Structures are given as structure tokens and as C-alpha cells.
Number of protein chains: 2
Amino acid sequence: MELIKKNRSVLIQAALGNIACDLSIENASLINVLTGEIYPASVDVKDGVIVRVRMDGEKVEIPSVKTVDAAGKYLAPGFFDTHMHIESSLLVPENFGKAAIEWGTTTVVTDPHEIGNVMGVPGVLYMLESAKKSPVRQFILAPSCIPSVPGIESAGAEFGAAEVAELMKYDEVLGLAEVMDYIGVYTDEKRMHDIIAEADKVGGFIQGHAPELKGKELCAYIVGGPHTDHEMYTSEEILNKRRLGMGINARVQTEKDARMFIDGMTQGMFTDTVALCTDDNFAHKVRDRGSVNIAVSELIKAGMDPILAVKMGTFNGARDQGFTDVGAIAPGYVADMQIVSDLTFVNKAEYVFVAGEMVVENGKYTGEPAGKAWHNAGDTINCIAVKSGDDFRIPAEGHASRKVMVVNEGYREDKLIREELPAEGGFLRIPEERLGELNWISVVNRYGKDTKSLALYRNFGLKRGAMAASIGHDCHNLTLMFADADDAYIAVEELKKCGGGIIYVRDGEVVSLLKLPVAGLMSDLPLEEVAAETSHVVETISKECGIEEFSLGSLIFLPLPVFNWYCPTDFGIVDGPRKKLVQVVE
Amino acid sequence: MELIKKNRSVLIQAALGNIACDLSIENASLINVLTGEIYPASVDVKDGVIVRVRMDGEKVEIPSVKTVDAAGKYLAPGFFDTHMHIESSLLVPENFGKAAIEWGTTTVVTDPHEIGNVMGVPGVLYMLESAKKSPVRQFILAPSCIPSVPGIESAGAEFGAAEVAELMKYDEVLGLAEVMDYIGVYTDEKRMHDIIAEADKVGGFIQGHAPELKGKELCAYIVGGPHTDHEMYTSEEILNKRRLGMGINARVQTEKDARMFIDGMTQGMFTDTVALCTDDNFAHKVRDRGSVNIAVSELIKAGMDPILAVKMGTFNGARDQGFTDVGAIAPGYVADMQIVSDLTFVNKAEYVFVAGEMVVENGKYTGEPAGKAWHNAGDTINCIAVKSGDDFRIPAEGHASRKVMVVNEGYREDKLIREELPAEGGFLRIPEERLGELNWISVVNRYGKDTKSLALYRNFGLKRGAMAASIGHDCHNLTLMFADADDAYIAVEELKKCGGGIIYVRDGEVVSLLKLPVAGLMSDLPLEEVAAETSHVVETISKECGIEEFSLGSLIFLPLPVFNWYCPTDFGIVDGPRKKLVQVVE
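Residues numbered from 1 in each chain as written. Chains lettered and ligands numbered in written order. Predicted model: local features only at pLDDT ≥ 70, side-chain atom pairs only at ≥ 80, totals over all residues. Heavy atoms only, no water.

1. Quick look at the overall build of chain A
Tallying secondary structure elements over chain A gives 17 helices and 30 strands in all. A globule of 586 residues ought to have a C-alpha radius of gyration of about 25 Å, and chain A, at 25 Å, matches this closely. Expressed along its principal axes, the backbone C-alpha trace of chain A runs to roughly 90 × 50 × 45 Å. A buried classification covers 66% of the 586 residues belonging to chain A. By sequence separation, contacts in chain A at least 24 residues apart represent 68% of the contacts at least 6 residues apart. Carbon and sulfur atoms form 49% of the exposed surface of chain A, whose accessible area is close to 19,500 Å². With 57 positive and 86 negative side-chain charges, chain A shows a spacing of 1 Å between the two charge centroids. (Helix = DSSP H or I, 4+ residues; strand = E, 2+ residues; numbered from the N terminus. Rg over C-alpha atoms; globule rule 2.2 N^0.38 Å. Buried < 20%, exposed > 50% of the residue type's maximum accessible area, 1.4 Å probe, protein only. Contact = heavy atoms within 4.5 Å. Areas by Shrake-Rupley, 256 points an atom, 1.4 Å probe, with all protein chains shown as cover. Lys, Arg positive; Asp, Glu negative; His and termini not counted. Charge placed at Lys NZ, Arg CZ, Asp CG, Glu CD.)

Printed below as a string of C-alpha cells:
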């Protein structure tokens with residue numbers, strides 16, 4: 001599949017030097033991901049396409065419209081992100097692009113299933129619209145699992161075959177995004193079967209997501225359609241999936257990830273089917289560490305040859321999605337390129353070119369700066385399930401203590417762990433001295449239904465106040481972790497007012513608030529502001545919990561019932577492996 | 001692009017062991033070309049697709065319809081030939097398939113441009129029709145250059161955009177075959193431009209052929225469309241083409257080829273874009289050495305890791321042509337597989353499976369044996385240019401000697417080399433003692449036109465008689481090499497009688513004759529008979545020339561004006577680099 005149409009006559013004349021090229025990059029150290037070499041070369045571009053690579057001091061016949069002197073620095077293809085959710089950056093597509101481009105990422109394949117869960121097809125179409133102003137090329141895979149597990153949580157939308165078919169009509173939609181309901185696939189359940197059939201009808205790509213699946217069930221999942229994966233927890237799992245023909249989209253965020261992936265990805269001689277992805281990457285991480293370059297840099301730090309790491313982040317990514325004319329620097333390839341001064345990839349790129357357009361110069365995006373972005377996705381927080389702090393308390397008659405389930409324990413041993421709580425003033429209470437060791441966790445419906453869950457969570461660390469977010473994967477009901485029920489109620493009310501966000505309330509006061517008015521998931525502001533506010537929330541919670549760095553993900557992914565854990569949804573607490581509700585209070 | 005449509009519901013049930021599979025291969029040493037490993041495994045197949053790979057002693061739940069015990073032997077994907085001309089095997093597609101399948105080749109991508117040159121589109125359609133009875137899956141790339149160089153030779157047909165467009169309608173036609181007129185491409189000449197545009201219209205594959213091309217002309221050729229190549233003469237050329245993004249279809253026939261390709265193909269870390277092809281492979285070579293396995297075995301002999309050689313001959317080949325579900329042994333892949341007892345690949349496969357059908361058992365094709373094949377491509381030799389032996393002589397007045405051009409000399413130095421010949425009885429003669437050191441070479445029109453060429457050839461070795469063939473790339477006029485003009489005339493007459501072939505006539509007698517009645521290019525007989533007759537011709541000529549093994553190619557490729565040499569066509573002798581006729585007699 002070719003990414004762009006080519007006027008061959010023009011390209012031929014440009015390659016021959018009979019007409020001026022649009023761009024020449026002179027004096028580069030070319031990272032050739034086709035052969036695995038680095039050597040001196042110059043590159044000419046016309047109409048967005050690389051038309052000529054000059055070696056051995058060859059000169060252009062006619063000066064190009066623009067010439068960039070790479071001064072011996074490295075010229076690499078632009079990075080290709082095979083799987084990511086832009087919503088996780090807390091930025092809208094336009095502003096995400098204007099930030100990520102500075103890190104050398106030129107193409108992302110996104111799964112807009114966060115906004116899809118909140119707003120359905122119109123939400124996805126908003127992402128497409130906003131993406132048009134992004135310097136990073138954005139493709140979409142149609143969300144496959146909205147909600148992630150039907151019947152045990154409320155979403156703002158449901159995707160069946162009709163919704164997927166509707167999205168498949170758009171040129172920017174390449175296929176089907178991470179098919180998380182792997183049980184639905186390998187049991188050939190009708191919903192997933194029909195959704196996959198829509199992708200098959202148009203020859204669409206089918207992306208997988210099958211954590212810890214193996215044996216005949218994994219084989220059945222693969223023949224059921226999905227044939228790539230990014231959700232793997234051990235090097236054995238990575239190797240097993242490679243052996244069975246799954247393309248690997250390695251989500252490498254940490255040194256530990258890098259070690260695991262290197263172990264699992266490089267056993268045997270061949271890594272053709274290994275690409276990279278960012279999946280979920282918050283604004284402050286984009287600001288501080290970047291995009292696909294994070295994975296590339298961690299792999300290099302952990303010992304991988306830089307050219308191989310770059311290949312995984314470029315050529316292999318493009319091939320993963322079926323593109324044959326992007327991801328390398330050679331004639332006929334789309335001119336997505338970056339100039340970097342070293343092979344660590346921990347810094348921003350110096351120059352970035354997308355289809356031959358210079359979009360980053362001296363590390364700075366050259367287009368219209370990110371500002372307050374257009375959106376049509378506001379007013380999505382419709383909470384009716386809590387009317388006071390008492391709605392975040394479990395009633396108790398008299399002085400009878402009762403046992404309450406601890407959500408984050410017991411599932412590995414397949415048993416419910418409960419803590420006995422004393423009753424006081426008609427409600428069960430966490431004793432003052434145990435606050436932080438125990439907190440309340442709650443998910444509150446935000447789609448106008450009177451549903452919520454409430455249970456205990458161990459070792460979150462909050463000794464006072466309440467944290468709430470209008471992000472709670474994947475349905476994005478309100479997710480709360482709190483010591484104080486009244487603060488929790490205030491947090492909900494504040495989020496209602498501002499259309500969503502992430503908030504920390506203490507003693508009735510708003511201590512930190514990141515507003516996310518776009519579907520309650522994203523800010524309409526540029527990276528710097530969003531990252532600063534995100535950092536503030538993170539630092540506040542870190543301080544309250546007495547930990548070095550609070551991970552936002554440790555809260556907002558808790559409500560995801562596709563995993564094999566106990567999980568809070570607005571219906572109650574879900575037994576992940578069995579996908580059914582459990583009894584919280586004994 | 002997927003090779004076969006899949007009923008996912010059935011495949012899922014088969015993978016889970018809920019229904020019986022069609023085939024299980026137990027106890028194999030699986031060659032995994034995805035990871036580069038060999039390990040014990042068993043494989044289950046349903047509806048032509050691999051649904052499950054069992055490891056660690058996993059057993060099937062329900063016995064499969066057929067079970068094959070691999071007894072620990074190697075299980076590899078079937079070989080994939082990225083570029084070949086079936087006509088060169090001298091067999092029709094049906095009989096070629098029944099022979100090549102025993103060597104583990106399961107898919108070939110053919111360029112039927114030999115029969116295309118003789119018969120036009122109907123010839124190509126005959127190949128498609130005959131291929132339907134072949135156990136080897138046969139795809140076609142539409143011939144792009146018929147004739148190879150217009151205006152300096154006569155073919156039986158001419159292909160323009162209309163003919164290519166007509167062929168693109170067929171499902172079995174993947175795109176455009178080797179675009180040999182590389183000058184036409186990089187000068188954007190209208191004929192090639194329009195032909196390539198037809199492939200672009202349907203998103204077709206565009207195969208290249210650009211010997212010794214480099215620099216900006218090669219870049220222009222690539223952006224002009226073709227992006228793979230199999231015509232390379234040095235390891236530097238191979239490396240340069242890899243660097244510039246060309247897929248390599250390595251035609252490895254000899255130890256020397258293998259050394260050159262290993263040198264050129266394995267510089268740098270990556271060989272993703274290197275596949276294998278056979279191009280031209282005669283019947284007796286198929287009988288004695290096989291098909292794609294020849295390249296695999298030579299690469300292994302020359303030191304390449306066997307798993308890498310197998311990957312190039314399978315997975316990389318399939319990817320070269322854009323197929324994503326063939327070329328490896330993993331769930332979801334088409335069940336094209338072979339069982340071999342060692343990793344040399346010099347012998348036939350023990351078992352071969354095409355889409356799960358067992359087509360070779362104990363080294364023997366299991367289907368209806370090859371016999372006299374159907375064809376509708378006879379009666380194509382219409383020679384009117386020679387009416388006696390004197391038509392193969394150059395007239396000379398009196399006793400005046402004259403200088404006659406030696407075809408196979410001088411082109412590297414860009415000068416015509418001529419030999420002075422004495423006149424005798426009104427004609428120039430090669431002196432008796434110089435026969436063999438000098439022979440006559442001639443190309444005679446076979447398409448009803450009164451055109452022919454006649455010149456000298458040095459060191460062919462024929463001391464007497466005449467050799468003639470109705471194969472002469474690519475237009476397939478009659479090609480002759482002779483010591484005796486009267487024998488040459490008889491050879492032509494005999495070929496007219498039998499509809500074409502390869503013949504040696506001595507002292508007025510037919511010494512050896514391989515009949516090729518199908519378009520004058522192929523026999524309708526099975527491999528064994530054709531190979532025996534081919535061997536007889538080869539041995540006869542070898543003996544006459546006093547050499548160890550005469551190479552048929554050394555005669556029948558001489559009339560190919562796409563190369564940069566002096567070349568005999570029915571118009572005269574062509575100056576390859578300038579593509580114009582030269583003066584033969586001074």
C-alpha cells in the first residue's frame with residue numbers, strides 16, 4: 001500500500017537533475033534501515049518524495065528550492081508509531097502533533113477509542129478533523145471494543161458492526177484497532193465476529209491486544225483476525241507471539257521494558273515483524289521525554305544496536321501497517337526524515353521533514369504555534385449518581401462492622417480479599433490510622449445513569465482528601481480514589497462544572513485541577529500548559545501519598561475490565577477473568 | 001494482501017480443537033522463518049490455512065482427517081519464486097508444476113513474456129489456462145516489454161498499455177513483470193510510461209530489471225515505478241540497489257553467484273528485502289537440481305545460515321510480492337509447507353503441501369501424472385527469409401576478401417571488431433582451419449517477414465554442421481550458429497516442420513532434435529522426456545564443440561538487445577548501448 005500518489009514524470013525529471021528539487025539535504029550521515037548501515041550521503045526531494053540519494057560527492061545539477069546542510073549529522077527516517085491513543089496525551093490531535101513532531105515522530109496510527117467510548121462515531125470524526133491541522137501524519141484504526149467488555153459497565157456509546165463499517169469509509173481509517181475482547185474473538189462471539197468482518201470486507205488491518213494469551217486460544221485468536229500485539233508482560237510471551245506470527249508493537253517506556261523486549265524480540269535471527277508504539281503517553285512525558293524516540297532510546301540504552309532500534313521505530317512500523325513507501329530513506333519513499341546530532345534519541349530532533357516539508361528547524365516546530373484548539377466535544381459530564389458525600393459511604397446499621405472487598409488484591413489467587421471496617425454514625429469507616437494503607441475507590445457513571453461502585457484499595461497512600469478523574473479506561477466514567485467522602489463529592493461537582501479533568505480536593509478546597517473540557521479527556525490548550533498542570537496534579541498527589549512520582553496510569557487504568565484483575569466499573573466490581581460482578585460487602 | 005479468503009468461524013473452531021482439522025503434521029522440527037529458530041512442533045491445518053502450532057507435547061483434541069508423522073524431520077514453508085519464465089523450462093505450466101512441486105516450490109510468480117512475444121495476449125492466457133492444472137500455485141506479472149526494444153527486431157506481438165490493461169483484469173495477474181526497457185523508464189518515454197500507468201491504476205506490483213544501472217539514472221528508474229531487481233553482476237551492484245531501496249530477487253544458480261550474492265546481500269544487518277528467483281531454468285536443470293531450492297542450497301553451501309537462506313526463499317519472497325499470509329508456518333498462514341530430511345536442500349522434498357493438500361508424498365507428486373499436455377499454441381514458425389543454403393552466405397564478387405563483424409567482441413571497448421574472410425565461389429568463407437574459432441551466427445524472422453541477420457561469432461567451437469533454435473530471447477525468431485550453411489538451411493526447414501524446437505544438423509542429417517511445438521518454445525511432453533531430449537541436444541553440441549557442458553543459454557540469449565552488447569536480431573546486428581543497427585560487412 002502506497003502512502004501517497006506519485007506523478008512519476010515529475011519525479012523522474014527531478015531525479016535526473018533536469019528540474020529543480022524542492023529540498024536537498026546535503027552532507028548527512030544517512031541511517032539506512034534497509035541495509036543497516038550509516039554512510040555519508042545527500043538526499044533530494046520533489047513533491048514529497050525522495051527522488052535521489054547522492055553518494056561519493058555527487059552534486060545536484062540545479063540548486064534545489066531549499067537546501068539544508070546536515071553538517072555530518074545523522075539523517076534518519078521519521079518515527080512511525082504503530083499504536084497509540086492521542087487522548088492519553090491529554091492533548092487534542094492538532095496540539096499533540098505540534099508537540100510530538102519535535103521528537104521526530106512523523107506518522108502515528110491512533111486508536112481513538114477513549115473519545116469513541118464517550119461520544120461514539122462523532123468523537124472519532126472530531127479526532128480526524130483536528131488531525132488535519134497536525135504536522136504529524138495521523139491515521140486511525142476504528143475502535144473495535146466500545147465498551148471494552150459489554151454488559152458490565154456503561155459507556156457513552158456502543159460500537160457494533162454498523163459503527164465500524166461507517167468509519168471504514170474514511171481514507172484515513174486503515175482498519176480495526178486493538179481487538180481487546182480476545183475471549184469474544186476466540187469464542188467467535190457474534191459482536192466481535194461481525195466487527196472483524198467489516199474490516200475484512202475492505203481488506204483492513206486488524207490489530208490485536210491479547211495479554212497473556214497462549215496455546216490454542218491464542219492460535220484461535222490469530223485465525224480469528226488480529227495478528228499484531230502490544231500487550232505482553234514477559235520475554236517468553238513476546239517470543240511465543242513472534243513464533244506464532246504476531247507482529248510485535250513493542251511499547252517500551254522504561255529500562256525494564258527495554259530489557260524484557262530485547263530478550264523477547266531478538267531471540268532468533270529475525271526481527272522483521274517487530275515495531276514500536278507508545279500506546280499511552282501523558283502530556284508531561286511528551287514534554288520531558290518525547291514520543292516513539294522514548295522506546296528507541298531505551299532500547300539503545302539497554303544495548304540494542306541503534307540502527308536496529310531506529311529500524312523498528314521506522315521501517316518495521318510502516319510495514320506493520322502495510323505501507324511500502326514510507327519508513328526508509330531511498331528513492332520512491334515519502335520524504336519523512338529527521339536530523340539528529342547523536343544516536344541516543346533522548347533529545348529532540350534538530351530538523352524534521354514530513355513529506356519533504358521542513359516542519360521542525362533547530363528543534364522548534366515551524367508552523368502556526370499551538371494555541372487554544374477548536375473542538376466540538378464539550379459538555380460530556382452528566383453525573384447523577386452522587387448527591388452528597390454520603391453517596392460515597394457504605395451504610396451500616398448500628399455498630400456492626402462489616403467486611404469490604406479490597407479491589408487490588410486476591411485476583412491472582414482467585415479469592416476475594418476483604419477488610420473488616422468498623423461502623424460509625426451509620427456508615428463504615430476506614431480507621432484514621434489506616435488511611436493511606438486503605439483508601440476508597442469508586443467509579444461513578446458520567447452518562448446520566450444512577451450507577452456507581454465503591455470498594456477498598458490497598459496502599460494507594462492517600463491520607464486525606466480525594467482525587468477524581470473524568471478519565472477511567474475505557475468507558476471514562478469518573479474514577480475516584482479518596483480518604484474523605486465529602487471531598488470526593490466536591491471533586492465530582494467541580495469536574496461537572498469544568499467539563500471534566502483531573503482534580504485533587506482536600507478539606508473542601510480544590511488543591512489541584514487539570515481541566516479537560518474536550519470529552520472530559522483532553523485539554524484544548526497547548527502542550528506546555530497541559531504538561532505544567534499535569535505535573536502539578538502529579539506532584540500534589542505524590543506529596544499527599546508520600547511517594548517519589550505518582551503514576552497517573554495507576555489510577556485511570558483501574559476501571560479496565562478487559563484485564564484479568566478485579567476492576568471497578570460504574571456497575572460494581574468486576575471479576576476480570578470471569579467478566580462478572582462480585583459482591584463487595586460480605 | 002491475503003492470498004486466500006478465510007472463513008474465520010471454521011478456523012477458530014479448528015484451532016480450539018472443537019472440530020477435526022484436515023491435516024496434522026506431528027513431530028516436526030519447525031523452521032520458523034519469523035524468528036529464525038528451529039524447534040520441535042506439530043502443525044494443524046483446516047481449509048488450507050494453518051490454524052494451530054502445537055509445542056511442548058500438546059496433543060490434538062480430535063484426530064485430524066489426515067496425520068503425517070514428520071519423524072523429527074524439518075518442516076519448512078514452501079518455496080516462493082519471485083521471478084521466472086516457465087517457458088525457459090521448455091515445459092508447459094501444467095507439466096512444469098508437476099515437476100517443480102517435488103522440489104518444494106509451492107508458488108511461482110511468472111513472466112510469460114516469451115510466449116507473449118510469440119503470440120501476444122492469447123499466449124499469456126494459454127499459460128493461465130494451463131496453470132490451472134499445476135500443483136504449484138502460479139501468478140503472472142504482465143509482460144512489460146514486448147518486444148524488448150521496439151524498432152530493431154520483429155516479434156509476433158507488441159504490448160502497449162491496452163494489452164497490459166487487458167491482462168490486469170485477471171485475478172492471477174499481480175502487476176507488471178521485469179521492466180527491462182530501463183532507458184525507456186528513466187527517460188519517461190511514452191510507451192513505458194503508459195504501461196507503468198496501467199499497473200499503477202490497479203495498485204499493481206512493478207518488477208524491475210536494470211543491469212548495471214546506477215547513480216541518478218537508477219534513482220530515476222526507481223521513482224519511475226520498478227522497485228525490485230534480479231539482474232546484477234557484482235556484489236557492489238547488489239549493495240547499491242539494496243541501499244536505494246530496491247528489493248533484490250537473487251538469481252543464484254552457481255557457487256559463484258552464491259558468493260557474489262552473499263557478499264552483496266548481507267552487508268549491513270538487514271536482509272528483509274532480499275528474496276530468491278530462478279528466472280530461466282531448463283528442463284534438465286529442473287530434473288537434476290530443482291527449482292528455488294537451487295538458490296537456497298548454493299547459498300547454504302557458500303556459508304549462509306540455512307534458516308536465513310530458507311527465509312529468503314519463502315517469507316521474503318512472499319513479502320516481495322506483497323503477500324502477508326504465505327511464506328511462514330504460523331496460525332493464519334496458508335499451509336504451503338515441505339518436509340525435508342536435511343538442511344542442504346540439494347534433494348527433493350519428502351512431502352509437500354499446498355494450501356494443506358498433500359501433493360508430494362515420499363518425494364513423488366501424488367496427483368494425476370504429467371502426460372502430453374493440452375495446448376492451443378501450435379504452428380507458430382512462419383519462416384520465409386531463407387530458401388537455400390546460399391541465403392546463409394554473404395555474396396562476394398570475384399576473389400575480393402571482405403571484413404565481417406564479430407558479434408561477441410569489441411562492445412566493451414566500444415568498437416567493431418571485424419575479421420577478413422576470403423571469397424570463394426561467389427561467397428565469403430570461413431577458412432576450414434578456422435571453423436570453430438569462427439562460426440556464423442544468424443537470426444531469421446519467424447513471423448512471416450523476409451528479414452534475417454548474418455555475422456561472425458568467435459570461439460563458439462562448432463567445427464561442422466548447424467545448430468538452430470526457435471528460442472531466441474525475447475522475440476524468439478530462429479537463432480542459428482553454424483559452420484555449414486547448407487546444414488543451417490536444413491535445420492530451419494526441419495524446425496518449420498515440427499513447429500519449432502532446438503536442432504543440430506550435420507552433413508545434411510538431423511543428429512539431435514528437441515521438438516517444442518507449443519509456440520516453438522515449449523514441449524507438450526512431461527519433464528522426463530523433455531529433459532532427456534534436452535540433455536541429448538546439449539551433449540551433442542558439447543561433443544561437437546569439444547567442451548564439457550554446452551550451455552543452451554549461451555546461444556538463445558544472444559538476440560536480446562536490452563543488454564549492452566552487440567546483438568543479432570532479424571533486422572541485423574544491434575549496437576546494444578545505442579539500440580541501433582551496425583554495418584556488418586565493411
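From this point, things continue past the structure.
2. Some details on the relation of the copies chain A and chain B
Note on the identical chains: chain A maps onto chain B by a rotation of 180 degrees and an axial translation of 0.0 Å, with an RMSD of 0.1 Å. A rotation of that kind, with that shift, is consistent with a two-fold axis. Among all residues of chain A, the minimum C-alpha distance to the rotation axis is found for A:Asp272, at 3.4 Å. Of the residues that chain A buries at the interface, 100% are likewise interface residues in chain B, meaning the two copies contact each other through the same surface. (Least-squares fit on C-alpha atoms with pLDDT ≥ 70 in both.)

3. Digging into the interface of chain A and chain B
With 60 residues of chain A in contact, the opposing surface of chain B contributes 60 residues. The contact between chain A and chain B buries some 4,800 Å² in all, and 60% of this surface belongs to carbon and sulfur atoms. At the boundary of chain A and chain B, one finds 8 salt bridges. One salt bridge in this structure joins B:Asp200 and A:Arg8, with 2.7 Å as the shortest N-O distance. Our count for the chain A to chain B interface comes out at 22 residue pairs in polar contact (both at pLDDT 80 or more). (Buried area = accessible area lost by both parts, 1.4 Å probe. Salt bridge = Lys/Arg side-chain N within 4 Å of Asp/Glu carboxyl O. Polar contact = N/O pair within 3.5 Å; in protein donor to acceptor, adjacent residues only side chain to side chain.)

4. Things to note about unusual backbone geometry
For the bond from A:Ile146 to A:Pro147, the omega torsion is -5 degrees, close enough to zero to count as cis. Inspection of the secondary structure puts A:Pro147 in the loop between β8 (137-142) and α5 (161-168). A cis amide bond, omega -15 degrees, links B:His473 with the succeeding residue B:Asp474. Residue placement: B:Asp474 occurs in the loop between β24 (466-469) and β25 (478-482). Its identity is not glycine, yet A:Lys579 carries a phi of approximately 50 degrees, on the positive side. Inspection of the secondary structure assignment puts A:Lys579 in the loop between β29 (572-575) and β30 (580-582). What makes A:Lys579 partly exposed here is its relative accessible area of 21%. Despite not being glycine, B:Phe345 has its phi angle at roughly 60 degrees, a positive value.

5. Thoughts on the side chain of A:Glu26
All names here are of chain A. Looking at the secondary structure, you find Glu-26 in strand β1 (residues 23-32). A polar atom in the side chain of Glu-26 sits 3.0 Å from the side chain of Ser-42. Residues in contact with Glu-26, not counting those within four places in the same chain, are Ser-42, Arg-54, Val-60, Thr-67, Val-68, Asp-69, Ala-70 and Ala-71.

6. Some details on the environment of B:Gly57
Its location among the elements puts B:Gly57 in the loop between β3 (49-54) and β4 (66-69). Measuring from C-alpha to C-alpha, the distance between B:Gly57 and B:Ser42 comes to 8.4 Å, with 15 residues separating the pair along the chain.

7. Some thoughts on the pattern of salt bridges
All chains considered together, the criterion is met by 90 salt bridges over all chains. Across the pair A:Glu409 and A:Arg458 runs a salt bridge, and its minimum N-O distance is 2.5 Å. Linking A:Glu409 in the loop between β18 (402-405) and β19 (418-421) with A:Arg458 in strand β23 (residues 452-458), this pair joins segments that are 49 residues apart in sequence. Note on A:Glu409: relative accessible area 23%, which makes it partly exposed. Residue classification places A:Arg458 among the buried residues on the basis of a relative accessible area of 12%. For B:Arg137, the salt bridge identified is with B:Asp336, shortest N-O distance 2.5 Å. Taken as a pair, B:Arg137 in strand β8 (residues 137-142) and B:Asp336 in the loop between α14 (315-320) and β14 (337-340) lie far apart in primary sequence, 199 residues in all. For the pair formed by B:Arg137 and B:Asp336, the shared burial category is buried. Sharing partners across several salt bridges, the network here consists of A:Glu409, A:Glu419, A:Arg434, A:Glu437 and A:Arg458.

8. A word on the sheet that holds strand β13 (residues 274-277) of chain A
Residue and element names in this part refer to chain A. Spatially, β11-β12-β13 is the arrangement adopted by the 3 strands of the open sheet, whose pairing is parallel. Taken across any chain shown, the strands that pair with only one partner, and hence form the sheet edges, are β11 (228-229) and β13. Bridge count between β11 and strand β12 (residues 247-251): 2 bridges; the pairing is parallel. From the neighbouring strand, Asp-229 faces β12, where its bridge partner is Ile-248. (Pairing = 2+ DSSP bridges.)

9. Observations regarding the side chain of B:Asp320
The topology assignment puts B:Asp320 in helix α14. Nearest to the buried, unbridged B:Asp320 among oppositely charged side chains is A:Arg319, at 8.2 Å.

10. Details of the pairing of strand β10 (residues 205-208) of chain A
All names here are of chain A. The alternating pattern of β10 places Phe-205 and Gln-207 on one face and Ile-206 and Gly-208 on the opposite face, and all of these are buried. Here strand β9 (residues 173-179) pairs with β10 via 3 bridges, running parallel. Considered in β10, the bridge of Leu-176 is made with Ile-206.

11. Description of the packing of aromatic side chains
Any aromatic ring pair is given by two values, namely how distant the centres are and how the planes are angled relative to each other. Residues and elements named next belong to chain A. According to the stated counting rule, one finds 20 aromatic pairs over all chains in the structure shown. Ring plane angle 55 degrees and centroid distance 6.2 Å describe the contact between Phe-80 and Phe-323, whose orientation is recorded as tilted. One end of the pair, Phe-80, is in strand β6 (residues 79-84); the other, Phe-323, is in the loop between α14 (315-320) and β14 (337-340), and 243 residues separate them in sequence. With respect to burial, Phe-80 and Phe-323 carry one shared label: buried. (Phe/Tyr/Trp six-rings, centres within 6.5 Å; stacked < 30°, edge-to-face > 60°.)

12. Thoughts on α5(A)
Residue and element names in this part refer to chain A. Within α5 the residues assigned to the buried category are Val-164, Leu-167 and Met-168. Taken end-on, α5 shows its buried residues confined to a sector of 105 degrees, consistent with a single buried face. At its buried positions, α5 is contacted by α4 (121-131), β8, β9 and α7 (190-201). (Arc of directions from axis to C-beta.)

13. Focus on the packing of α5(A) against α7(A)
Residue and element names in this part refer to chain A. Following both chains from N to C, one finds α5 and α7 inclined at 15 degrees, their axes separated by 8 Å at the closest point. By the angle class used here, α5 and α7 are roughly parallel. Judged by the sense of rotation from one axis to the other, the crossing of α5 with α7 is right-handed. Here Ala-161, Val-164, Ala-165 and Met-168 of α5 come into contact with α7, specifically with Asp-194, Ile-195, Glu-198 and Ala-199. A breakdown of the residues in the contact of α5 with α7 according to their chemical character gives 6 nonpolar, no polar and 2 charged. (Axes fitted to C-alpha atoms, helices over the stretch in contact; angles between N-to-C directions. Parallel < 35°, antiparallel > 145°, perpendicular 65-115°, else oblique. Left-handed = near helix turned anticlockwise from the far one by under 90°. Nonpolar A, V, L, I, M, F, W, Y, C, P; charged D, E, K, R; others polar.)

14. A look at the sheet that holds β8(B)
One key point about sheets: their strands pair by backbone hydrogen bonds, in either a parallel or an antiparallel sense. Residues and elements named next belong to chain B. With parallel pairing, 5 strands are arranged side by side in an open sheet as β6-β7-β8-β9-β10. Looking at the sheet topology across the chains shown, the edges are occupied by β6 (79-84) and β10 (205-208). The sheet shows a mean angle of 30 degrees between the axes of neighbouring strands, taken without regard to direction. Here β6 runs beside strand β7 (residues 105-110); their pairing, made up of 4 bridges, is parallel. For Met-84, the partnering residue across the bridge sits in β7 and is Thr-110. Of the strands in this sheet, β6, β7 and β8 are in contact with helix α2 (residues 93-100), which crosses β8 at around 130 degrees.

15. Focus: the nonpolar core
Side chains of nonpolar character tend, in soluble globular proteins, to be buried together. One finds A:Leu299, A:Met337, B:Leu299 and B:Met337 to be the most contacted residues of the largest nonpolar core, which totals 404 residues. In contact with B:Leu299, other than residues within four places in its own chain, are B:Val252, B:Ala258, B:Phe261, B:Ile262, B:Met265, B:Leu276, B:Met304, B:Ala309 and B:Met312. (Core = buried A, V, L, I, M, F, W, Y, C linked by side-chain atoms within 4.5 Å.)

16. Considering the pairing of strand β3 (residues 49-54) of chain A
Residues and elements named next belong to chain A. Buried residues dominate β3, accounting for 6 of its 6 residues. With 5 bridges joining them, strand β2 (residues 37-46) and β3 adopt antiparallel strand pairing. In the sheet register, Val-43 faces β3, and the bridge partner there is Val-53. Where β2 hands over to β3, the hairpin turn is made up of 2 residues, of which Asp-47 adopts a positive phi near 50 degrees.

17. Digging into helix α13 (residues 306-313) of chain A
Here α13(A) lies mainly inside the structure; 7 of its 8 residues are buried. Within α13(A), burial applies to A:Ile307, A:Leu308, A:Ala309, A:Val310, A:Lys311, A:Met312 and A:Gly313.

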